[in-house]
Amino acid sequence: MATAAASLLVPPSSAACCAGPATSRALFPTSVPSLRAYPRLLLAFRRPAAAAVADPQGAGAAVLEEEEADDQTPVQFDDADDDYEDGYGGRGPAFTPPTRPRTGKAALPLKRDRTRSKRYLEIQKLRESKKEYGVRTALSLMKQVSNARFVESAEAHFRMNLDPKYNDQQLRATVNLPKGTGQTVKIAVLTQGEKIDEARAAGADIVGADDLIEQIKGGFMEFDKLIASPDMMPKVASLGKILGPRGLMPNPKAGTVSPNITQAIDEFKKGKVEFRVDKTGIAHIPFGKVNFPEEDLIANFMAVVRSIERNKPSGAKGIYWKTAYVCSSMGPSIKLNIKEMLDYGTESSD
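Here goes a summary of the coordinates provided. (Residues numbered from 1 in each chain as written. Predicted model: local features only at pLDDT ≥ 70, side-chain atom pairs only at ≥ 80, totals over all residues. Heavy atoms only, no water.)

## Side note on the overall build of the protein chain
Phase 1: Secondary structure summary: the protein chain contains 13 helices and nine strands in total.
Phase 2: Buried residues in the protein chain amount to 38% of all 350 residues.
Phase 3: Restricting the contact set of the protein chain to residue pairs at least 6 apart, pairs at least 24 apart contribute 66%.
Phase 4: Accessible surface computed for the protein chain: about 20,900 Å², of which carbon and sulfur atoms make up 52%. (Helix = DSSP H or I, 4+ residues; strand = E, 2+ residues; numbered from the N terminus. Buried < 20%, exposed > 50% of the residue type's maximum accessible area, 1.4 Å probe, protein only. Contact = heavy atoms within 4.5 Å. Areas by Shrake-Rupley, 256 points an atom, 1.4 Å probe, with all protein chains shown as cover.)

Encoded structure:
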């Protein structure tokens, strides 16, 4: 063993005189092969030493002769063969570490579904995500997938071909829902003189003038709608920074500034809804509760559609309706067929 170890440490000249030319060429090749054959170069050093230890009487010489014959045979590498493997770490197919199969929510194809509740994932299976439904079928399906612990609202979401940053492409209007909203609306009225008694008689929850303005400035916001008479608007202007971000600022387009206070209160109590498109051109409009009869939901929904069509801005060009969806407050969205929706009521589309 000591002789074999010493033979690996002697310089090339000494190894040549002691072990002969075969040993010299095996341990110290004159030409270095490419990096792909580097493992074979390591074997040229390891195999003679291992053979000398195992058979010090001359078996190592046979191994050296075999290695010399292998060195004289050129090794060819085919770049087009991706399955080549020399057995010692040479080029071969790319190594892919084994992956553990995903289970549960981690196996879902969409990342947004991995944060959904089990209830949502179950009801989502009841509808096809990319299918376009008719009005009656969509509203019936919306009632079916609504299974929250409270009575959910029915919502419509329309993407319009509008850019609200232009004045002639802004959509803001109101719609009278024939079957109501299913909610109790708390109305506050800013007026003065004899109209204070008229507002109270019409069913207003809160009525006031300067005193109510001071309460609002102090943080009082316990109302859903604020209606003002035209003569109070100069004083209401000071509330713009408070009411504007909350969407409660009285506006003639929204019907919350009216000389006829009694009529305005009656309309909002019965189900008048204000809507407008946001900065992305989408209108979000509640049109009832999911526990409404199906015919009542259809009547309210079609009233919303006709109001949007009737209040089309003058600057709208090309396709006016892009997409339309209905959903419950806690349920998945259901896509509507635009053509069938616009033709519903005039011809049988479902």
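Next comes the rest of the account.
## Let's talk about the sheet that holds strand β1 (residues 153-160)
Phase 1: Pairing is antiparallel across the open sheet formed by four strands, whose spatial order is β7-β1-β8-β9. Each having just a single partner strand, β7 (282-289) and β9 (334-335) make up the two edges of the open sheet.
Phase 2: By the bridge criterion, six bridges tie β1 to β7 in an arrangement that is antiparallel. Pairing of histidine 157 across the sheet is with histidine 284, part of β7.
Phase 3: Across the sheet, helix α6 (residues 135-145) is in contact with β1, β7, β8 (321-328) and β9; its angle to β8 comes to roughly 30°. (Pairing = 2+ DSSP bridges. Axes fitted to C-alpha atoms, helices over the stretch in contact; angles between N-to-C directions.)

## Things to note about the pairing of strand β5 (residues 225-228)
Phase 1: On β5, burial covers both faces: Lys225 and Ile227 on one face and Leu226 and Ala228 on the other are all buried.
Phase 2: Across four bridges, the pairing between strand β3 (residues 187-190) and β5 is parallel. Bridging across to β5, valine 189 finds its partner in isoleucine 227.

## Description of the nonpolar core
Phase 1: With 43 residues, the main nonpolar core has Phe158, Phe287, Phe301, Ile308 and Met341 as its most contacted residues.
Phase 2: The set of elements that each furnish at least two residues to this core consists of α6, β1, β2 (172-176), β6 (272-276), β7, α12 (294-310), β8 and α13 (338-343).
Phase 3: When near neighbours in sequence (up to four residues on either side) are disregarded, methionine 341 contacts Val135, Phe158, Phe301, Met302, Val305, Trp321, Ala324 and Leu336.
Phase 4: Judged by nonpolar contacts, the second largest core, of 15 residues, contains Ile213, Ile216, Met232 and Val236. (Core = buried A, V, L, I, M, F, W, Y, C linked by side-chain atoms within 4.5 Å.)

## A short note on the pattern of salt bridges
Phase 1: Under the defined criterion, the tally for this structure stands at twelve salt bridges.
Phase 2: In this structure, glutamate 122 engages lysine 125 in a salt bridge whose closest nitrogen and oxygen atoms are separated by 3.6 Å.
Phase 3: Using a relative accessible area of 63% as the deciding quantity, one classes lysine 125 as exposed.
Phase 4: Each of Arg136, Glu294 and Glu295 takes part in a single network of salt bridges with overlapping partners. (Salt bridge = Lys/Arg side-chain N within 4 Å of Asp/Glu carboxyl O.)

## Considerations on the packing of aromatic side chains
Phase 1: Inspection of the entire model under this criterion finds five aromatic pairs.
Phase 2: For the pair tyrosine 320 and tryptophan 321, a centre-to-centre distance of 5.8 Å together with 75° between the ring planes defines the contact as edge-to-face.
Phase 3: Owing to a relative accessible area of 5%, tyrosine 320 belongs among the buried residues under this scheme.
Phase 4: Residue tryptophan 321 is classed as buried on the basis of its relative accessible area of 6%. (Phe/Tyr/Trp six-rings, centres within 6.5 Å; stacked < 30°, edge-to-face > 60°.)

## Remarks on the sheet that holds β3
Phase 1: Taken together, three strands build an open sheet; the order of strands is β4-β3-β5 and the sheet is parallel. With one partner strand each, in any of the chains shown, β4 (206-208) and β5 form the two edges of the open sheet. Across this sheet, the average inter-strand angle for adjacent strands is 15°, counted without regard to direction.
Phase 2: Lying on the sheet, helix α8 (residues 210-217) is in contact with β3, β4 and β5; it crosses β4 at an angle near 115°.

Nothing here speaks to function; it is all geometry.
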